[in-house]
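What follows is the residue order along each chain.
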Amino acid sequence: MHLSFLTIQILSALREAAFLFLISSGLTLIFGVLNILNFAHGSLYMLGAYFIFWLTIHFAGPTAFFFALIAAPLGVGLIAMLIEMGLLRRIYVQEEIYQLLLTYSLVLILDDLAKIVFGADYKSISKPACLSGAVHFLGSTVPVYTILVVTAAPVIAVLMWLLLYRTRFGKVVRATSSDREIADALGINMTRIFTLVFGIGAVLGGFAGALAGPVRTVFPTAGDEVIIQSFVVVVIGGLGSLWGAAVGSLLIGALETVGIILFPNFEMALIYLLMVAVLIVRPWGLFGKPIKTRSLSEKNPGMDAREISPVHYSTHPALRYALLVGLLLLPLFAGRYYQYLLSEVFIAALMAVSFNLLLGTTGLLSFGQAAFYGVGAYTVALFLTKTGMGTLPALALGVLASAIAAAVIGIFCIRLTGVHFAMLTLAFGQLLYTVAFKWYGFTGGDNGIQGIPAKPIFLGGHPIDIWSIKGMYYFILVIVWVSVALLRRVRCSPFGATLKAIRENGQRAAYLGLNVKMHQLAAFVIAGAFTGLAGGLYAVMSRSITPDIINWTMSAEPVLITIIGGIYSFAGPAVGAAVFVILNEYIVAWTENWSLVLGLVLLGLVLLLPGGIVGAFNGQARELLVKIRWIKHWAFSKSTESKKPLEDLEPSRT
């Protein structure tokens, strides 16, 4: 191997590692102190790039670029501090899932605001003359700007080390990161520390965006590309560890460079394989420390038992049958568009209800459910297009394949808890995504699989055509209704009660002799199987699939849907699916800034309805409707206190 080629590749790896370190150092600092995985950190990176673009246009002169390089991240930091004071500060006492949703809604808002302010077209930033040339180094030509980037990262690392380990402020930050309760008891102003740390982390992300602007294209969703890589870096290095972020960045930068040379078709898969391997061997990362995971009953001691573990009500069977009859009669009055839209709602509801068997019932947050959705969809698509198999057998094999994939992945994932469990499921999901995206000979690569046939179904020897939209509507409705009924039976069974006990306090459940890991694995497999069924139905309905259905953005959808509807209610995810799909459909038709509107809606739900739509209805409207006799007591039965007469039961929140 020629020396010049080796030099170029090493510098390329170091430049990529420098960008990753600058982004991930801010991300890991925020997590270490605030205990928040900030999805909006990529958007702060994007703002840094846009700010330096705007500043270099409006200010001229030989020093304008360097002024912009300093001013842009400071502007990002100021915006981040305002976000922390106005929004994040309101939800610190809530569960982590709501913090994730809030930062995700900020991604939608900031991305669309960038599009409105700066335009949707791609931007390029000119480098000053002093940074535009190249120098000869070890027989190769190296751009001066690459030297600047490679030099800036270690300088920032040293400055961060001095700040954290040689100043009083750094001691306070490290004390807060180590034990928040003790730091608060010692009189440390936690509110001020949180604001300053979030601002410093944002400055680092903004500086990375400003520094990357001249060598990378700037566009409204540029942060979405780097946030997942940043998560990989901080998870490998260790959440909350600055030096872990540095080592993780070097590993990822080197692995990307080697992968492009040796495995050009699967270089991204190598990164996620490394992430999976590290999390399996050392769940808290190379330089991280084990994170104490608090049980649900410990997260907010001020809440009473009914709020922590709500008493669930089940609707009278007549109400469920009335809903079914209404859905069966709907095609007589609704057009083809609404039938197709409701079919999408049914599939989204099945995926969300399946996902909530993990989150709401078992207390496991999975960021990789799209993996099983994709396994089911690709299995059905391949069997229908390659073998000529019937629709129902293909769907059955899709469920089986998804269950097997969930069992294999679940064996590794259930060993972890909390954010590490979520990150490992994310890693597996992204691993399958990269395989589907690159494997052209089997999955069709980024082109996906087109022309999936919807073959007739034979019942009693009579063919039933599902090719039409109405036929597909009834087909999906029946399968989803039966599947949701089965999931409801699982949740209301003794097995479901055991899962709820594990959710509220897994350690206490283990002391009682329950095999916690086996119950979690069983829930993981059941959720994966039904999620795969939803993916198979999507493949049959849409008649084409692409790898995008496995990407992390797809895994975020059931999380959003579940929180919109309500985590601790069985009907919540179904209601959330209807709201999310219909709202998304009409917002897209109503305005091109649909991302901004959707983000504001999600933000409002987090701040105003933390219990979700169903939770708010159960908590407020039900008592009012009973009092004014719009609904009767007999319409609801208490699932945990069956010995009392229904007339004696006062309505309570779920």
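Residues numbered from 1 in each chain as written. Predicted model: local features only at pLDDT ≥ 70, side-chain atom pairs only at ≥ 80, totals over all residues. Heavy atoms only, no water.

Asks: Requested: an account of the overall build of the chain, with residues and values cited.
Replies: Each helix and strand counted, the chain has 27 helices and eight strands in total. The long-range share in the chain, meaning contacts at least 24 apart out of those at least 6 apart in sequence, stands at 78%. About 28900 Å² of surface is accessible on the chain, with carbon and sulfur atoms providing 67% of the total. (Helix = DSSP H or I, 4+ residues; strand = E, 2+ residues; numbered from the N terminus. Contact = heavy atoms within 4.5 Å. Areas by Shrake-Rupley, 256 points an atom, 1.4 Å probe, with all protein chains shown as cover.)

Asks: Tell me about the packing of helix α17 (residues 391-413) against helix α18 (residues 418-438), and name the residues and values.
Replies: Two numbers describe a pair of packed helices, the interaxial angle and the distance between the axes. Viewed as axis vectors pointing N to C, α17 and α18 meet at an angle of 145°, and their least axial separation amounts to 10 Å. The two elements α17 and α18 meet at a crossing, and its hand is right-handed. Listed contacts from α18 to Ile409, Phe412 and Cys413 of α17 are Phe421, Leu424, Thr425, Phe428 and Leu432. Among the residues forming the contact of α17 with α18, the class breakdown is seven nonpolar, one polar and no charged. (Axes fitted to C-alpha atoms, helices over the stretch in contact; angles between N-to-C directions. Left-handed = near helix turned anticlockwise from the far one by under 90°. Nonpolar A, V, L, I, M, F, W, Y, C, P; charged D, E, K, R; others polar.)

Asks: Can you break down the side chain of Ser105 residue by residue, with the values?
Replies: Examined against the element boundaries, Ser105 turns out to sit in helix α4 (residues 96-118). A residue is classified by how much of its surface remains accessible, and Ser105, at 0% relative accessible area, is buried. When sequence neighbours within four positions are dropped, the list of residues in contact with Ser105 reads Gly599, Leu602 and Leu603. (Buried < 20%, exposed > 50% of the residue type's maximum accessible area, 1.4 Å probe, protein only.)

Asks: Go over helix α6 (residues 168-178), please, and point to the residues and values.
Replies: Buried within α6 are the following residues: Gly170, Val172, Val173 and Thr176. Down the axis of α6, the smallest arc covering the buried residues is 160°, so these residues share one side. Opposite the packed face of α6, turned more than 90 degrees from it, sit the exposed residues Arg168, Lys171 and Ser178. (Arc of directions from axis to C-beta.)

Asks: Kindly report on the pairing of strand β2 (residues 140-143), identifying the contributing residues and their values.
Replies: A one-sided burial pattern is seen for β2, the buried positions being Ser140 and Val142 and the unburied ones Thr141 and Pro143. In the sheet, strand β1 (residues 134-137) pairs with β2 via four bridges, with the strands oriented antiparallel. Within the sheet, the bridge partner assigned to His136 lies in β2 and is Thr141. (Pairing = 2+ DSSP bridges.)

Asks: Lay out unusual backbone geometry with the relevant residues and their values.
Replies: One non-glycine residue, Asn35, adopts positive backbone phi at about 60°. For Asn35, the position within the fold is in the loop between α1 (3-34) and α2 (41-58).

Asks: So what's going on with the packing of helix α15 (residues 336-362) against helix α23 (residues 516-542)? Residues and values would help.
Replies: Between α15 and α23, whose axes approach to 9 Å, the crossing angle comes to 170°. One way to sum up the angle between α15 and α23 is to call them roughly antiparallel. In terms of residue class, the contact of α15 with α23 is made up of 16 nonpolar, six polar and one charged. (Parallel < 35°, antiparallel > 145°, perpendicular 65-115°, else oblique.)

Asks: So, the pattern of salt bridges: which residues are in play, and what are the values?
Replies: Overall, the coordinates contain five salt bridges when judged by the stated rule. One salt bridge in this structure joins Arg216 and Glu16, with 2.9 Å as the shortest N-O distance. Note that Arg216 is positioned in the loop between α8 (190-212) and α9 (222-237) and Glu16 in helix α1, a separation of 200 residues in sequence. For Glu16, a relative accessible area of 17% gives the class buried. Arg503 is the partner of Glu504 in a salt bridge, and the nearest nitrogen-oxygen pair spans 3.1 Å. (Salt bridge = Lys/Arg side-chain N within 4 Å of Asp/Glu carboxyl O.)

Asks: Describe a nonpolar patch on the surface, listing the residues and the values that go with them.
Replies: A surface patch of nonpolar side chains, amounting to about 860 Å² of accessible area, comprises Phe5, Val258, Ile260, Ile261, Leu262, Phe263, Phe266, Trp439 and Phe442. Top element by residues in the nonpolar patch is helix α10 (residues 242-262). It accounts for four residues. Residue placement: Ile261 occurs in helix α10. (Patch = residues over 30% accessible without salt bridge, like charges linked within 9 Å, V, L, I, M, F, W, Y side chains within 5 Å.)

Asks: I'd like a description of the environment of Ser249, backed by residues and values.
Replies: With respect to the element layout, Ser249 can be found in helix α10. The exposure class of Ser249 is buried, given its relative accessible area of 1%. For the pair Ser249 and Phe21, spaced 228 residues apart in sequence, the C-alpha to C-alpha distance is 5.4 Å. Aside from chain neighbours lying at most four places away, what touches Ser249 is Ala17, Leu20, Phe21, Ser24 and Val233. Of note is the side chain of Ser249, whose polar atom sits 3.1 Å from the backbone nitrogen of Phe21. (Polar contact = N/O pair within 3.5 Å; in protein donor to acceptor, adjacent residues only side chain to side chain.)

Asks: Quick one: what's the story with the packing of aromatic side chains, residue by residue and with numbers?
Replies: By convention here, two paired aromatic rings are described through the distance between centres and the angle between planes. With the rule as written, the count across this model stands at 20 aromatic pairs. Note on Phe39 and Tyr104: the rings are 6.3 Å apart at their centroids and 90° apart in plane angle, and the pair reads as edge-to-face. A residue pair is termed long-range when its members are at least 10 positions apart, and Phe39 in the loop between α1 and α2 and Tyr104 in helix α4 qualify at 65 residues. Looking at Tyr104, the relative accessible area reads 14%, which means it is buried. (Phe/Tyr/Trp six-rings, centres within 6.5 Å; stacked < 30°, edge-to-face > 60°.)

Asks: How would you explain the environment of Lys470 if you had to name every residue and give the values?
Replies: Turning to its location among the elements, Lys470 is positioned in helix α20 (residues 469-492). Separated by 127 residues in the primary sequence, Lys470 and Ser343 have C-alpha atoms spaced 9.7 Å apart. Setting aside chain neighbours within four positions, we find Lys470 in contact with Pro331 and Gln339.

Asks: Explain the environment of Thr195 residue by residue, including any values.
Replies: With respect to the secondary-structure elements, Thr195 resides in helix α8. Each C-alpha atom of the pair Thr195 and Arg89 lies 8.7 Å from the other, and the pair is 106 residues apart in sequence. When sequence neighbours within four positions are dropped, the list of residues in contact with Thr195 reads Met81, Glu84, Met85 and Arg89.

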